[in-house]
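The residues making up each chain are set out below.
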Amino acid sequence: MSDKAETGDTTAEAQPISQELLEILACPIDKSPVKLVGDRLVCQEQGHKYRIEDGIPIMLVDEVEQ
Amino acid sequence: MDDHRQRVREQFGATAEGYVASPTHAAGDDLAQLVAWAEGGPAKRALDVATGGGHTALALAPHYGRVIAGDLTPRMLDRARAFIGARGGANVALACADAEALPFRDAAFDAVACRIAPHHFGDPARFVREAARVLRPGGIFLLEDSVIPDDPAAGAFLNRAEVLRDPTHVRSLAAAEWRDLAAAAGLTVEATRLFPKTHPFDDWLARARTPEPRRAELTALFRDAPPAARAALAIAVAPDGRVRSYTDQKILLKARKGEC
């Protein structure tokens, strides 16, 4: 995962979560869509970042990275 | 992370396997009823909130195109993934999610299910509002949870016992409170059923890994229960003073989000 973060590789092959899940996930704070940037999910409204651990997006308000 | 959520994660991180293996959480007429209400379809998507061991997500999986299983505890999700994966639930995806702040877009789901979990939620009204938000118009909300008896003394007794057994228990609601919460969130209740569930006392304690001083306290609490609680919960005490079992009820509720 860490080398993907450095290269910003978001090709389908390297994507750590499915496209379908990505399309329905939202930021738990402002409910805006999220985009995969490197190995983080980034909220499109305010830039809240969420990590993905072992293929599981950690979408918790308490664990948001600014 | 606030103290309550931290405690929930510690509790379910430590007891994850017990909940995967638990017959209370696995099979039964209650789960069959929930699935019968599910109105699935190959193009439909369901969310299982606070999936725990993953039983409900797995039961819904054959009926939907896609099921998302969410839980607050990553370790619980690891166990759920292994459980579901070993049984062919290939269309189940996982997300670490708080029931009261769901990380999904508005109207993303045809169905939202939540089974035997809301008694751990700090604000169940907020959870129901979130469930309604992520449902599409016409989508269905499927709930199962322990309810307290209508008798206030018996209800207070059961919540007190549940908190002693497992400090992450917040409060079980009465059946009427669930109907009110659904209505307040814009959901129309279409069906409810009550299922009695008998809890063998030792298994009930073992699953939560209740430590010894509190086991003794709980045994005394049940043995000396006030008559209203003893009757409403069918508390069975052996002649030697051991508590054999008690019986509470679970509500199953089906509600629909308005079309407009």
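Here goes a summary of the coordinates provided. (Residues numbered from 1 in each chain as written. Chains lettered and ligands numbered in written order. Predicted model: local features only at pLDDT ≥ 70, side-chain atom pairs only at ≥ 80, totals over all residues. Heavy atoms only, no water.)

Looking at the overall build of chain A
Right, so step 1: When helices and strands are tallied, chain A shows two helices and four strands.
Right, so step 2: In chain A, buried positions account for 44% of the 66 residues.
Right, so step 3: If you take every contact in chain A between residues at least 6 apart in sequence, the share linking residues at least 24 apart comes to 27%.
Right, so step 4: Summing over all exposed atoms, chain A offers an accessible surface of approximately 3300 Å²; the carbon and sulfur share of this is 46%. (Helix = DSSP H or I, 4+ residues; strand = E, 2+ residues; numbered from the N terminus. Buried < 20%, exposed > 50% of the residue type's maximum accessible area, 1.4 Å probe, protein only. Contact = heavy atoms within 4.5 Å. Areas by Shrake-Rupley, 256 points an atom, 1.4 Å probe, with all protein chains shown as cover.)

Observations regarding the packing of aromatic side chains
All names here are of chain B.
Right, so step 1: On inspection of all chains with the given rule, the structure shows nine aromatic pairs over all chains.
Right, so step 2: Relative to Phe127, the ring of Phe121 has its centre 5.1 Å away and its plane inclined at 70°; by these criteria the two rings are edge-to-face. For the pair shown, Phe121 and Phe127 are each scored as buried.
Right, so step 3: Aromatic side chains Phe127 and Phe141 sit 5.8 Å apart centroid to centroid with 55° between the ring planes, which places their arrangement in the tilted category. (Phe/Tyr/Trp six-rings, centres within 6.5 Å; stacked < 30°, edge-to-face > 60°.)

Some thoughts on helix H7 (residues 152–165) of chain B
In an α-helix there are 3.6 residues to a turn, and that puts residues three or four apart on one side.
Residue and element names in this part refer to chain B.
Right, so step 1: An ideal rise of 1.5 Å per residue puts 20 Å on 14 residues; H7 measures up with 20 Å between its terminal C-alpha atoms.
Right, so step 2: Of all the residues in H7, the buried ones are Ala154, Gly155, Phe157, Leu158, Asn159, Ala161, Glu162, Leu164 and Arg165.
Right, so step 3: Capping of H7 at its N-terminal end is provided by Asp151; its side-chain oxygen lies 3.1 Å from the backbone amide nitrogen of Ala153. (Expected span 1.5 Å × (residues − 1). Polar contact = N/O pair within 3.5 Å; in protein donor to acceptor, adjacent residues only side chain to side chain.)

Re the packing of H7(B) against helix H10 (residues 212–223) of chain B
Residues and elements named next belong to chain B.
Right, so step 1: Between H7 and H10, the least distance of the axes is 10 Å, while the angle of their chain directions is 165°. Regarding the angle of H7 to H10, the classification is roughly antiparallel. The hand of the H7/H10 crossing is left-handed. In this structure, H7 contributes Phe157, Arg160, Ala161, Leu164 and Arg165 to the contact, and H10 contributes Arg214, Glu217, Leu218, Leu221 and Phe222.
Right, so step 2: Across the contact of H7 with H10, the residue classes break down as six nonpolar, no polar and four charged. (Axes fitted to C-alpha atoms, helices over the stretch in contact; angles between N-to-C directions. Parallel < 35°, antiparallel > 145°, perpendicular 65-115°, else oblique. Left-handed = near helix turned anticlockwise from the far one by under 90°. Nonpolar A, V, L, I, M, F, W, Y, C, P; charged D, E, K, R; others polar.)

Notes on the interface of chain B and chain A
Note: interface size is frequently given as the accessible area lost on complex formation between the parts.
Right, so step 1: On the chain A side, the residues contacting the 26 residues of chain B number 20 residues.
Right, so step 2: Both sides of the chain B and chain A interface together cover about 1900 Å² of buried area, and 57% of this is carbon and sulfur.
Right, so step 3: Ranking the residues of chain B by area buried against chain A places Cys96(B), Pro103(B) and Arg105(B) at the top, with a combined share of 31%.
Right, so step 4: At the boundary of chain B and chain A, one finds five salt bridges.
Right, so step 5: The partner of Lys31(A) in a salt bridge is Glu130(B), and the shortest N-O contact between them spans 2.7 Å.
Right, so step 6: Linking chain B with chain A are twelve residue pairs in polar contact (both at pLDDT 80 or more), by the criterion used here.
Right, so step 7: Taken together, the elements giving at least two residues each to the side of chain B that touches chain A come down to helix H1 (3–14), strand S2 (64–71), helix H5 (74–85), strand S3 (92–97) and helix H6 (124–134) of chain B. (Buried area = accessible area lost by both parts, 1.4 Å probe. Salt bridge = Lys/Arg side-chain N within 4 Å of Asp/Glu carboxyl O.)

A look at the pairing of strand S2 (residues 40–43) of chain A
Residues and elements named next belong to chain A.
Right, so step 1: As paired strands, strand S1 (residues 34–37) and S2 are joined by four bridges and run antiparallel to one another. Bridge pairing in S2 places Val34 opposite Cys43.
Right, so step 2: Counting the residues between successive antiparallel strands, the hairpin from S1 to S2 contains two residues, one of them, Gly38, with a positive phi of roughly 65°.
Right, so step 3: Here S2 runs beside strand S3 (residues 49–53); their pairing, made up of three bridges, is antiparallel. Within S3, the residue paired with Leu41 across the bridge is Tyr50.
Right, so step 4: Count of turn residues in the S2/S3 antiparallel hairpin: five residues, of which Gly47 carries a positive phi of about 75°. (Pairing = 2+ DSSP bridges.)

Focus: the pattern of salt bridges
Opposite charge on two side chains permits them to pair, given that their charged atoms come into close proximity.
Right, so step 1: Under the definition given, this model contains 26 salt bridges over all chains.
Right, so step 2: A single network of salt bridges, built from pairs that share partners, joins Asp2(B), Arg5(B), Asp98(B), Glu100(B) and Arg126(B).

Some points on the side chain of Lys250(B)
Residue and element names in this part refer to chain B.
Right, so step 1: Note on placement: Lys250 falls in strand S8 (residues 243–257).
Right, so step 2: The buried charged residue Lys250 lacks any salt bridge, with Asp248 as its nearest oppositely charged partner at 4.3 Å.
Right, so step 3: Ignoring anything within four residues of it in the chain, the contact list for Lys250 reads Ile116, Glu144, Asp145, Ser146, Val147, Arg193, Leu194, Phe195, Lys197 and His199. (Lys, Arg positive; Asp, Glu negative; His and termini not counted.)

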